[in-house]
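For reference, the chains in residue letters:
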Amino acid sequence: MHDEEHGEDGQHDQHDERLRRWRLALGGASGGEGTGHSLTGTDVSIDAALGALYDSGEGTGSQRGAGLGASAPRVARWLGDIRQYFPSTVVQVMQADAIERLDLTRLLLEPEMLDAVEPDVHLVGTLLSLNRVMPDKSKRAARKVVAKVVTELERRIAQPTRTALAGALNRAARINRPRHHDIDWNRTIRANLKHYQAEHRTIVPERLIGYGRRAQSVQRDVVLCVDQSGSMAASVVYSGVFAAVLASMRSLKTSLVVFDTAVVDLTDQLADPVDVLFGTQLGGGTDINRAIAYGQQLITRPRDTIFVLISDLYEGGVREEMLRRVAAMTSAGVQVITLLALSDEGAPDYDHENAAALAALGVPAFACTPDVFPDLMAAAIERRDLRGVIERAKA
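Model, not experiment: these values are computed from the prediction.

Colleague: Help me out: how do you make sense of the overall build of the protein in this one?
Modeller: For the protein, the helix and strand inventory stands at 15 helices and eight strands. Across the 395 residues in the protein, those meeting the buried criterion constitute 47%. The contacts of the protein with a sequence gap of at least 6 include a subset with a gap of at least 24, amounting to 73%. Carbon and sulfur atoms provide 49% of the accessible area of the protein, an area that totals close to 19,900 Å².

Written out as structure tokens, the structure reads:
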């Protein structure tokens, strides 16, 4: 009997919880319209926070929220409320929705707002788009937000990137025609054991394996050419952080170029990824051809160069010339890779015709998530087939 009562109580609690969730999702008057469920306690405040964003100005007649209006203090309080009631991932979604639905971009210029937000990659992208119109006091607050996100991204990606690329560079450095003092005898002997001559009690090495030039020398040149049009905001943020990590490796010579209709070389700022990001200017048109032309000038060792174009491929410049430049680079031995995005979101909207034209030139074009990028660069350094990495990026 007690078990039956306990089961009925559990079912009743689950039913009440479902009604509560539906009530919070659907909104309605305080009497619980549509569900028959009335909110109490903290749920009233949660409902008000949701209503301020999702019921504002839609003419539904709902009394759930009166909107956020254009008051920075009120928005700052709302940001504090949602951080109290929801996990960080949900807060980030609600912030992005608030910026889009309620046109709060202007309020992000207020230091009070910047102190209240939950920092994330997309918020950094929005702040960078406001960089040129941001007053100095707001820029100082914005740098703190950007620095917090950059620190978190570096913690997440720096070590896996350095580990993957260091291994690839070491493997790529083993040359097959080394000078005598560069021969790695241990690996050479293991590789030639099948050529052991019993009668002479010796190994005749058919293939010599060398150490190659060590970490003091630059083994690969990397040119990152990044589209900074508005749709590429998250990719710009990740590219800036990855470029700084690559630049910290002595065996790589890393250049970073960002572009819209103009081209900006940020290579000399790579010691500080926050400076890199504030050197970008999100928004505007796109001239991929001009950017590639500039990138070509940075290439001095074609067969040791990896050129990574990060763009949605919507070309506002001369398409035919852009394709000719890519073909010329690949013919010279440059390893060219096109990333449609470098972000957590996967494949964006992109120009399929240009992607197909690049694929016909032997240049893969695909979206890449940050966790796959180290493997991609490692494969490129070793000149391995990239199809396995591409499939993983698409998965």
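Colleague: Got a minute to help me understand the sheet that holds strand β3 (residues 220-227) in this structure?
Modeller: Paired through backbone hydrogen bonds, the strands of a sheet run either parallel or antiparallel to each other. Overall, mixed pairing links the six strands, which are arranged β5-β4-β3-β6-β7-β8 in an open sheet. In this open sheet, the two edge strands, each paired with only one partner strand, are β5 (263-265) and β8 (365-368). The sheet shows a mean angle of 25° between the axes of neighbouring strands, direction not considered. With four bridges connecting them, strand β7 (residues 335-342) and β8 associate as parallel partners.

Colleague: Would you explain the pairing of strand β6 (residues 305-310) in this entry?
Modeller: In the case of a regular strand, side chains alternate between the two sheet surfaces. Buried residues dominate β6, accounting for six of its six residues. Every second residue of β6 is oriented toward a common face, with Thr305, Phe307 and Leu309 on one face and Ile306, Val308 and Ile310 on the other, all of them buried. Relative to β6, β3 runs parallel, the two being bridged by six bridges. Each residue of the ladder has a partner; that of Val223, found in β6, is Phe307.

Colleague: What am I meant to see in the environment of Met249 here?
Modeller: Among the structural elements, Met249 can be located in the loop between α9 (233-247) and β4 (252-259). Leaving out residues up to four positions away in the same chain, Met249 has contacts with Arg162, Leu165, Ala166 and Leu169.

Colleague: What is the right way to look at helix α4 (residues 88-101) in this model?
Modeller: Along an α-helix, a turn takes 3.6 residues, which lines up residues three or four apart on a common side. Taking 1.5 Å of rise per residue, 14 residues should cover 20 Å, and α4 covers 20 Å from first to last C-alpha, within 8% of that figure. For α4, the full list of buried residues reads Val91, Met94, Gln95, Ala98 and Ile99. Mapping the buried residues of α4 onto a view down its axis gives an arc of 135°, with all of them on the same face. Exposed residues on α4 whose side chains face more than 90 degrees from its buried face are Thr89 and Glu100.

Colleague: When you look at the pattern of salt bridges in this model, what are you seeing that I'm missing?
Modeller: Pairing is possible between side chains that carry opposite charge, provided their charged atoms lie close to one another. Scanning the entire structure with this criterion turns up 14 salt bridges. The partner of Arg155 in a salt bridge is Glu152, with the nearest N and O atoms 2.5 Å apart. Pair noted here: Arg155 and Glu152 are both in helix α7 (residues 136-172), with a separation of three residues, about one helical turn. Classification of Arg155 as exposed rests on a relative accessible area of 59%. Classification of Glu152 as partly exposed rests on a relative accessible area of 40%. Between Asp371 and Arg392 there is a salt bridge, and its shortest N-O distance comes to 3.6 Å. A residue pair is termed long-range when its members are at least 10 positions apart, and Asp371 in the loop between β8 and α14 (373-381) and Arg392 in helix α15 (residues 387-394) qualify at 21 residues.

Each value, and the rule that gives it
- Residues numbered from 1 in each chain as written.
- Predicted model: local features only at pLDDT ≥ 70, side-chain atom pairs only at ≥ 80, totals over all residues.
- Heavy atoms only, no water.
- Helix = DSSP H or I, 4+ residues; strand = E, 2+ residues; numbered from the N terminus.
- Buried < 20%, exposed > 50% of the residue type's maximum accessible area, 1.4 Å probe, protein only.
- Contact = heavy atoms within 4.5 Å.
- Areas by Shrake-Rupley, 256 points an atom, 1.4 Å probe, with all protein chains shown as cover.
- Pairing = 2+ DSSP bridges.
- Axes fitted to C-alpha atoms, helices over the stretch in contact; angles between N-to-C directions.
- Expected span 1.5 Å × (residues − 1).
- Arc of directions from axis to C-beta.
- Salt bridge = Lys/Arg side-chain N within 4 Å of Asp/Glu carboxyl O.

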